[in-house]
Amino acid sequence: MSTSALLLVDLLTAVACAAAWAGAAVVLILPAAPRQRFLLRLSVSGALLLFVGQCLTAGALAARAWPLAEEKVDYALPVQLLTACIAIALAVPALRGRPLGAPARPPALAGSALVLAAAGAISGVIARVLVGYPFTALAALVLTALVLLAGVVAYCFAAPRSTRERTGAAALIALVAVVSVGYAWLDDVARPGALAAHAHAASSSTAVPAAVSVADLRTPTDASGTLRRFELTARHQTVTAASGATVDAWTFGSLPGPELRVTVGEVVEVTLHNSDIAEGVTIHWHGYDVPNGEDGVAGATQDAVMPGESFEYRFVADEPGTYWYHTHQSAADGIRRGLYGSLIVLPAEGVPETADLTVPVHTFGGAEWLGDSDVARIEAVAAGETVRLRLINTDQLPRTLRLTGTDFLLAAVDGRDLLGPTPVHDEAIRVPAGGRVDLTFTLPPGGALLSADATTGAAVGIGPAGSSPLQLAVDRGAPEVDLLSYGERSVDVPTSMRDEVMVLDQLPRFLGGIPANAYTVNGSVFPHIDSIEVSEGEIVRLTVVNRGRDTHPMHIHGHHVLVLSRDGVAATGAALWLDTFDVQPGEVWQVMLIADNPGIWMDHCHNLDHASEGMMMALTYRGVFTPYDHEHITG
Ligand code: C2O
Ligand code: CU
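## Remarks on the pairing of strand E3 (residues 246-251)
By the bridge criterion, 6 bridges tie strand E2 (residues 226-240) to E3 in an arrangement that is antiparallel. Counterpart to Gln237 in the pairing with E3 is Ala249. Following E2, the chain reverses through 5 residues before pairing antiparallel with E3; Gly244 in that reversal takes a positive phi of roughly 100°.

In structure tokens form, the structure reads like this:
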């Protein structure tokens, strides 16, 4: 069974178990229903069976990854075992059918013991859907208190006790609940964010004195190389698509922004101007591991560039590959509206292919664009030419792309060449949000066709004059290439690494003081997610567990990570160094990060709606501080 399905079965079993205990309590408390004893026995044995079911699902989940099972094993199962034992002990006479208490009165003790068991089971459900991972001692304490109080209240009502006692017990429950929610709210609005420890003012109080400001982690002014200068101006622009549709866009001058194509050995200087984007803009070089001060994260590495202002980025072209750039201010909205473009870094000797095409995939409104077009178009390339096709997913969701008409090689992923690529025949390529893939092939006389599963409108035919590549039949049922087993393995993985865990989930949380079904990492939302703190040179094994029901394309700024395993299965293909990896529901990824680029780096889901709903945190180097205000980081 898939982990997602197992999580769902576990949750449903827990809910059904709670319902069975509650049913038993109702049967017992209500004045003698016909067949009361039969119904009572039925619901109690059902509840016990469902408890055993939860033990099995929790065990299976724990075997896959502890964070999938922690709150179940540490809390939900023990509390249910305990309350179930109490309930059965006290309800045995009722189950056996012996008369209980005064004839006209419900068997108070037995009834409230069943309520206690129901409360225990309900608290197990709450532990799953409200607390999640990590399951803290405080959460255990609060939930246990609520369970006990529920039993007491039930007894006060069933016994029956005086109105004062009843009200007192009920008020106590309400008090615990209100205080917990209030505490969570205060914690959200009043506790300083995780980056505060790296803010300038607080730096003196940290154990390691923060000596370096991100503002000083810039490309050295004397970096040698041929200077390449670009100017990008962010502005509102109404763009007419190839189909004739108009897009009310935000652009860097065109849609997509101009492709920046540079060569290893050059020093790239980009001046960003903001003409009229009131929200402010920055440029983040997605996947290109620049010095921290050039990373373009407003609130961490610079201030947002407001209308009329400008900012100059500089970096050395030294990592050939396919990258992209985008605003990192109001990024979900800004990128969606068009503030992005591609960054191509060519090796010093150029690429071996004679045709080199870049195709960013993007959705405007409901229309999918491949490159700068929302309709099918043809790129003229002669038969026999070698082609490099650079695919960039600039959308929020994973995209499945297909190249029909030719076999091809997966030459590079996320700007890193793959070793020993083998011909791919009729298989689809899944590109996570933010990810890139380079395909290479020799163009056959009939041409080739690039298509995206998300659209039948846009497509790119690549073909010689006279060919009709757009007519090629696409097999949309063909499977996806699994990158973890593609290519040739040749990689030395260090034996000792420090472990860090990131557990992704969707949980009710306060987000800027407002209740939301937020996207969480380790149970918290930005800016309260504890940073991963490293020293330069450390090697970290990151285990990323997705407990939620959405795919999370996790993006790490400033670093590429080496994929070690997925769902416990070790990677066997070419070393896969990614900056964006898609953690699908229930998946468990292990990746290795080498801390070799000091700074304060954001890690977040590149479904930027998720990022702005909490799923964003930082990787921070000891000794680095930021003079910028992290409260201004926006997803
Ligand atoms: Cu492509 Cu932090 O983003
Ligand atoms: Cu996400």
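## A word on the sheet that holds strand E23 (residues 532-534)
Spatial strand order, E23-E32-E31-E25-E29: 5 strands in an open sheet with mixed pairing. Among the strands making up the open sheet, the edge pair consists of E23 and strand E29 (580-583). With direction set aside, neighbouring strand axes in the sheet form an average angle of 20°. Two elements, E23 and strand E32 (residues 616-621), share 3 bridges in a ladder whose sense is parallel. Residue pairing across strands places Ile532 opposite Leu619, the latter belonging to E32.

## Topic: empty space enclosed by the protein
In the structure shown here, the tally under the stated rule is 3 cavities of 30 Å³ or more. The computed volume of the largest cavity comes to approximately 50 Å³. Forming the boundary of the largest cavity are Arg402, Leu403, Thr404, Asp426, Glu427, Ala428, Val474, Asp475 and Ala478. Residue classes in the lining of the largest cavity are distributed as 4 nonpolar, 1 polar and 4 charged.

## Examining the pattern of salt bridges
Taken as a whole and assessed by the stated rule, the structure comprises 35 salt bridges. A salt bridge links Glu294 to Arg218, with the nearest nitrogen and oxygen atoms 2.9 Å apart. With Glu294 in the loop between strand E6 (284-286) and strand E7 (310-316) and Arg218 in the loop between strand E1 (212-213) and E2, this pair connects stretches of sequence that are 76 residues apart. For Glu294, a relative accessible area of 1% gives the class buried. We note a salt bridge from Arg261 to Glu259, for which the minimum N-O separation is 2.6 Å. For Arg261, a relative accessible area of 24% gives the class partly exposed. Residues joined in a network through salt bridges with shared partners are Glu259, Arg261, Glu353, Asp356, Arg388, Arg390 and Asp438.

Rules used throughout
Residues numbered from 1 in each chain as written. Chains lettered and ligands numbered in written order. Predicted model: local features only at pLDDT ≥ 70, side-chain atom pairs only at ≥ 80, totals over all residues. Heavy atoms only, no water. Pairing = 2+ DSSP bridges. Helix = DSSP H or I, 4+ residues; strand = E, 2+ residues; numbered from the N terminus. Axes fitted to C-alpha atoms, helices over the stretch in contact; angles between N-to-C directions. 1 Å grid on protein atoms, 1.4 Å probe; cavity = no way out; pocket = protein on both sides within 12 Å on 5 of 7 lines; lining within 4 Å. Points joined across faces, edges and corners; volume = space filled by probe spheres on them. Nonpolar A, V, L, I, M, F, W, Y, C, P; charged D, E, K, R; others polar. Salt bridge = Lys/Arg side-chain N within 4 Å of Asp/Glu carboxyl O. Buried < 20%, exposed > 50% of the residue type's maximum accessible area, 1.4 Å probe, protein only.

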